[in-house]
Amino acid sequence: MGYSENEKNASCRIGDRSTSDVVVRLRTEGGRDEWMYCHSHVLIKEAEYFSDRLSDNWPTCQIIDSRNCVEVYCQESDFDHHVTFLRLLYSITDGSDSDIWHGVRNALGILRVAVELRCHLIITSCVNYLEAVPWEEAEEEEILQIIPSMGSEAQSILARLQPVNVKAIIGIFLSAVRFATSSPPPSMNDLKNSAQEQLEYMLTEDDDAPLLTADDEIKTEVRECVKRLLSRFNNLIDSLCEPNESVSESGRMQLYKSYVIDLSWVCQILIKLESMKEFVNSWLDLSEKMVKAIEIAIANHELLEIKLKLVEVTAKVLEAVGYGNVILPTAKRIHIVKVWLPFVRVTKPIIDSATKNGMDEDMVLKMDGELWQSLESAFVSIILALPSNDQAEILTEWLQSNDIQYPDLTEAFEVWCYRSKVAKRRLDLLDTAARD
């Protein structure tokens with residue numbers, strides 16, 4: 001009665017000297033030397049390397065212990081993987097049993113041996129396993145180093161690491177933007193924060209280029225999302241400015257803080273997209289109401305957090321205006337200074353005091369000193385671009401203030417003094433030159 005190939009494999013065991021007809025001699029440069037008693041019909045069927053070595057066409061044939069001998073040289077680090085590979089030749093059927101691989105690193109080692117000895121069944125089984133299981137970060141780096149040199153059979157392992165097509169990137173970017181600006185309930189804050197972080201990362205140029213370059217269509221969709229967020233924020237501010245006993249002030253102020261945090265993030269995105277103009281105008285339109293809502297609110301630690309976030313967003317808005325990235329008419333530039341200069345002047349000492357006196361145990365009020373400096377510079381830049389009389393009015397109010405130290409408008413004052421003193425002479429020279 002004839003036997004199938006699987007039955008033949010099952011009827012013999014690796015290391016069985018009584019039935020073995022070939023020795024696989026595993027050797028390393030370090031002198032390690034191990035004899036594996038095998039069966040030629042198994043080796044020839046499963047691995048092309050052994051099929052070539054044991055064929056009549058191979059020029060030399062070694063004999064050891066009255067058997068054909070095939071020497072295989074390997075690195076010490078791969079020795080155990082070679083042993084495992086030879087054992088798998090006797091047992092593997094389709095490789096669907098994950099227990100035989102004992103993890104990603106072991107499977108990678110066996111795959112290296114299978115590629116070297118040209119065993120397509122084990123190559124396929126390793127690839128299927130590595131494609132399906134999760135990788136740790138270190139394993140992923142190892143895969144990136146090893147797989148590219150293994151030929152086409154192993155390349156599908158890298159499918160999860162391949163660049164994504166532009167359409168897919170745009171799709172996930174816009175979906176994430178819509179969610180990140182949708183003001184979800186507090187129970188979803190962690191999800192929202194994660195989406196915001198990843199969106200910013202997608203647009204950031206670091207060691208790698210940004211994941212996508214925004215076109216007009218993307219910018220338009222982002223602006224629409226921001227517009228809806230600002231509309232909801234405006235409705236909340238209106239409710240805060242009017243007494244409403246049916247809704248607790250604490251709940252509304254918590255929502256106020258959430259909106260301002262989202263708007264601070266929105267600024268980062270819009271700056272990267274070079275699309276701050278509409279936001280700046282909307283922020284300017286809401287400024288007086290925002291400040292009024294804060295002024296009538298009950299003072300508490302949460303209110304300080306809100307004030308700090310308002311300062312952060314305002315700093316980005318003022319930078320955009322002060323450095324000419326967003327062009328506003330004179331009246332609007334005067335308005336933005338007159339609303340936010342007093343607010344910032346009063347807010348900074350309060351925040352500094354809270355931080356200094358240990359009221360801010362969680363350090364949520366900590367603000368980068370560079371941001372305060374940047375905000376001050378933006379005020380100076382905007383003021384110096386105003387008509388002289390408007391500069392004089394703002395500087396007069398600053399000099400009369402009890403909080404003269406911040407923002408420090410000394411530079412603006414010095415430039416105004418110089419310009420004012422030489423103005424008549426400079427303009428007379430221009431008139432003379434024009435007449436000549």
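Further up the page is the structure itself.
These remarks concern the structure in this document. Keep in mind the model is a prediction, meaning the values are calculated, not measured.

## A closer look at the overall build of the chain
The secondary structure content of the chain amounts to 17 helices and four strands. Residues counted as buried form 44% of the 436 residues belonging to the chain. A fraction of 71% describes how many contacts in the chain between residues 6 or more apart in sequence connect residues 24 or more apart. About 23900 Å² of surface is accessible on the chain, with carbon and sulfur atoms providing 50% of the total.

## Side note on the environment of Gln268
Here Gln268 shows up in helix H11 (residues 249-272). Distance in space between the C-alpha atoms of Gln268 and Glu200 is 7.5 Å, their sequence separation being 68 residues.

## Some words on helix H4 (residues 79-91)
Here H4 is 13 residues long and its end C-alpha atoms lie 19 Å apart, about the 18 Å a rise of 1.5 Å per residue gives. Listed in full, the buried residues belonging to H4 are Phe79, His81, His82, Val83, Phe85, Leu86, Leu88, Leu89 and Tyr90.

## Observations regarding the pairing of strand S4 (residues 67-73)
The element S4 is extensively covered by neighbouring structure, given that five of its seven residues are classed as buried. Pairing analysis gives six bridges linking strand S1 (residues 22-27) to S4, with the strands arranged parallel. For Val24, the partnering residue across the bridge sits in S4 and is Val70. As paired elements, strand S3 (residues 62-64) and S4 share three bridges and run antiparallel to each other. From the neighbouring strand, Ile64 faces S4, where its bridge partner is Arg67.

## Structural notes on the state of the cysteines
Tallied over the entire structure, the rule returns zero disulfides. Sulfur of Cys126: no disulfide; nearest cysteine sulfur belongs to Cys119 and is 9.0 Å away. Using a relative accessible area of 0% as the deciding quantity, one classes Cys126 as buried.

## Focus on the sheet that holds S1
If you walk across this open sheet you meet the four strands as S2-S1-S4-S3, and the pairing is mixed. Each edge of the open sheet carries a strand with a single partner, namely strand S2 (33-38) and S3. Adjacent strand axes in the sheet meet at a mean angle of 40°, parallel and antiparallel pairs treated alike.

## Here's the deal with helix H12 (residues 277-295)
Taking 1.5 Å per residue, 19 residues should reach 27 Å; H12 reaches 27 Å between its end C-alpha atoms and fits that length. For H12, the principal kink sits at Leu286 and spans about 50°. Among all positions in H12, only Phe279, Val280, Asn281, Trp283, Leu284, Leu286, Ser287, Met290, Val291, Ala293 and Ile294 are buried.

## Things to note about a negative patch on the surface
Negative charge collects at one region of the surface, where Glu205, Asp206, Asp207 and Asp208 lie side by side. Within the secondary structure, Asp206 is located in the loop between helix H9 (189-203) and helix H10 (216-241).

## Observations regarding the nonpolar core
Among the nonpolar cores identified, the biggest contains 83 residues, and Phe173, Phe233, Tyr256, Phe279, Trp283, Leu310 and Trp340 are the most heavily contacted of them. Residues contacting Trp340, with those up to four places away along its chain left out, are Trp283, Ser287, Met290, Val291, Leu310, Thr314 and Phe379. In terms of nonpolar packing, the next biggest core, distinct from the first, is built from 49 residues, Leu43, Cys74, Trp101 and Ala114 among them.

## Description of the side chain of Lys316
Among the secondary structure elements, Lys316 is positioned in helix H13 (residues 301-322). Despite its burial, Lys316 pairs with no opposite charge; the closest candidate is Glu312, at 5.0 Å N-O. What Lys316 contacts, discounting residues up to four positions off in sequence, is Ser264, Cys267, Gln268, Ile271 and Met276.

## Considerations on the packing of helix H5 (residues 104-117) against helix H7 (residues 137-146)
The geometry of H5 relative to H7 is characterised by a closest axis approach of 10 Å and an angle of 10° between their N-to-C directions. Between H5 and H7, the angle falls in the class roughly parallel. Taking contact as the criterion, the partners of Val104, Arg105, Leu108 and Arg112 in H5 are, on H7, Ala138, Glu139, Glu142, Ile143 and Ile146. Per-class residue counts for the contact of H5 with H7 are five nonpolar, no polar and four charged.

## Overview of the packing of aromatic side chains
With the rule as written, the count across this model stands at nine aromatic pairs. Ring geometry for Phe233 against Tyr256: centres 5.3 Å apart, planes inclined by 80°, an arrangement best described as edge-to-face. Taken together, the residues span a long stretch of sequence, with Phe233 in helix H10 and Tyr256 in helix H11 at a distance of 23 residues. In terms of burial, Phe233 and Tyr256 fall into one category: buried. Pairwise contacts between aromatic rings join Phe279, Trp283, Trp340 and Phe343 into one cluster. The lysine or arginine in question, Arg32, covers the ring of Phe79, its NZ or CZ lying 3.8 Å from the ring centre.

Rules and cut-offs
Residues numbered from 1 in each chain as written. Predicted model: local features only at pLDDT ≥ 70, side-chain atom pairs only at ≥ 80, totals over all residues. Heavy atoms only, no water. Helix = DSSP H or I, 4+ residues; strand = E, 2+ residues; numbered from the N terminus. Buried < 20%, exposed > 50% of the residue type's maximum accessible area, 1.4 Å probe, protein only. Contact = heavy atoms within 4.5 Å. Areas by Shrake-Rupley, 256 points an atom, 1.4 Å probe, with all protein chains shown as cover. Expected span 1.5 Å × (residues − 1). Pairing = 2+ DSSP bridges. Disulfide = S-S within 2.5 Å. Axes fitted to C-alpha atoms, helices over the stretch in contact; angles between N-to-C directions. Bend = angle between axes of the 7 residues up to and from the residue. Patch = residues over 30% accessible without salt bridge, like charges linked within 9 Å, V, L, I, M, F, W, Y side chains within 5 Å. Salt bridge = Lys/Arg side-chain N within 4 Å of Asp/Glu carboxyl O. Lys, Arg positive; Asp, Glu negative; His and termini not counted. Charge placed at Lys NZ, Arg CZ, Asp CG, Glu CD. Core = buried A, V, L, I, M, F, W, Y, C linked by side-chain atoms within 4.5 Å. Parallel < 35°, antiparallel > 145°, perpendicular 65-115°, else oblique. Nonpolar A, V, L, I, M, F, W, Y, C, P; charged D, E, K, R; others polar. Phe/Tyr/Trp six-rings, centres within 6.5 Å; stacked < 30°, edge-to-face > 60°. Lys NZ or Arg CZ within 6 Å of the ring centre and 35° of its normal.

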